[in-house]
Amino acid sequence: MRTGRLRTVHPVLWAGWAALAAGAVLCVIGWYGISGERFAERQLPYLASCTVPGAALIVAGAVLLTQGRNALAAARVEELYGLLVAAGSGDTDDAGRAAALPLAVSGDLLMVPGGTLWHRADCPLVAGKVEAVPVDAKLLAGGELGPCPICDPAGETG
C-alpha cells in the first residue's frame, strides 16, 4: 500500500544528493584554483566562480535532503495511520459490545452519605469505601438520589 506521495519524495532526495555532490566538486575546483595562485587578486575569480556557488549548492542540497526525509517520514506516518484505521474499523463491534456491558452487576445498592447518587455495591465509585452505606428507601422514594451513570443501577429497581 505505497502512496503516491512516496514516489514524489524520491526526486527531491536525488536532487539533494546531486546538489551536494556538485557543490563539493565546485569547492574542490575552487580550492585547487586558489591554491595555485599567489596573489589575492588572482584568487578572487576562483572564489567567486567556484567556491561561493559550491558552498551555496551544499547548503541547498542539505535543505533538499532534510525536506525529502521529512516528507518521506510524513508519508510513512500517513500510511501507518491508514493501516491502523483499517484494522480498527473491524474491531468496532467487539468494542461496542464491551462498552454496553455494565461495570457493576451487584444487586446490593449503596450510597455515600451527603451524596446525590446511588450505586451498585461493586461500582468503582463506591467499592472499597467504608463510608458507603445501604440506600435509604425514604431517600430513594423521595427522589433525592439519582442513579449512578457509571454502574447504571436504574434497571435494578426500575
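This is a predicted model, so every value here is computed, not measured.

Rules used throughout
- Residues numbered from 1 in each chain as written.
- Predicted model: local features only at pLDDT ≥ 70, side-chain atom pairs only at ≥ 80, totals over all residues.
- Heavy atoms only, no water.
- Helix = DSSP H or I, 4+ residues; strand = E, 2+ residues; numbered from the N terminus.
- Buried < 20%, exposed > 50% of the residue type's maximum accessible area, 1.4 Å probe, protein only.
- Areas by Shrake-Rupley, 256 points an atom, 1.4 Å probe, with all protein chains shown as cover.
- Pairing = 2+ DSSP bridges.
- Patch = residues over 30% accessible without salt bridge, like charges linked within 9 Å, V, L, I, M, F, W, Y side chains within 5 Å.
- Salt bridge = Lys/Arg side-chain N within 4 Å of Asp/Glu carboxyl O.
- Core = buried A, V, L, I, M, F, W, Y, C linked by side-chain atoms within 4.5 Å.
- Contact = heavy atoms within 4.5 Å.
- pLDDT = per-residue confidence, 0-100.

1. What about the overall build of the protein?
So, point 1. The helix and strand inventory of the protein stands at five helices and four strands.
So, point 2. Going residue by residue from the N terminus, the α and β elements of the protein occur as α-α-α-β-β-β-α-β-α.
So, point 3. Relative to its full complement of 158 residues, the protein shows a buried share of 22%.
So, point 4. Carbon and sulfur atoms provide 66% of the accessible area of the protein, an area that totals close to 10,500 Å².

2. Structural notes on the environment of I29
So, point 1. Inspection of the secondary structure puts I29 in helix α1 (residues 4–35).
So, point 2. In the structure, I29 is positioned 21 residues away from C50 in sequence and 6.6 Å away in space, judged by C-alpha atoms.

3. Describing the pairing of strand β2 (residues 117–120)
So, point 1. The pairing of strand β1 (residues 109–111) with β2 spans three bridges and is classified as antiparallel. Its bridge partner being in β2, L110 is matched across the sheet by H119.
So, point 2. What sits between the antiparallel neighbours β1 and β2 is a turn of five residues, in which G114 has the positive phi angle 90 degrees.
So, point 3. Relative to strand β4 (residues 146–147), β2 is paired through two bridges, and the arrangement is parallel. Opposite L117, over in β4, you have G146 as the bridge partner.

4. Concerning a nonpolar patch on the surface
So, point 1. A surface patch of nonpolar side chains, about 260 Å² in accessible area, is lined by L44, L47 and V52.
So, point 2. Mapped onto the elements, V52 comes out in helix α2 (residues 40–89).

5. A short note on the sheet that holds β1
So, point 1. With respect to topology, four strands assemble into an open sheet ordered β3-β1-β2-β4, the strand pairing being mixed. In this open sheet, the two edge strands, each paired with only one partner strand, are β3 (133–134) and β4.

6. Regarding the nonpolar core
So, point 1. Grouped together as the largest cluster of nonpolar side chains are six residues: L110, C123, V126, A132, C148 and C151.
So, point 2. Among residues more than four places away in sequence, those in contact with A132 are L110, M111 and V126.
So, point 3. One finds L109, M111, W118 and L145 within the second-largest nonpolar core, a separate group that totals five residues.

7. Brief notes about the confidence of the model for the protein
So, point 1. With 78% of its residues at a pLDDT of 70 or more, the protein has an overall mean of 78.
So, point 2. Least confident of the elements in the protein is helix α3 (residues 92–100), whose mean pLDDT is 49; most confident is β3, at 86.
So, point 3. Scored below 50 in pLDDT, residues 95–102 makes one contact in the model with residues more than four places away or belonging to other chains.

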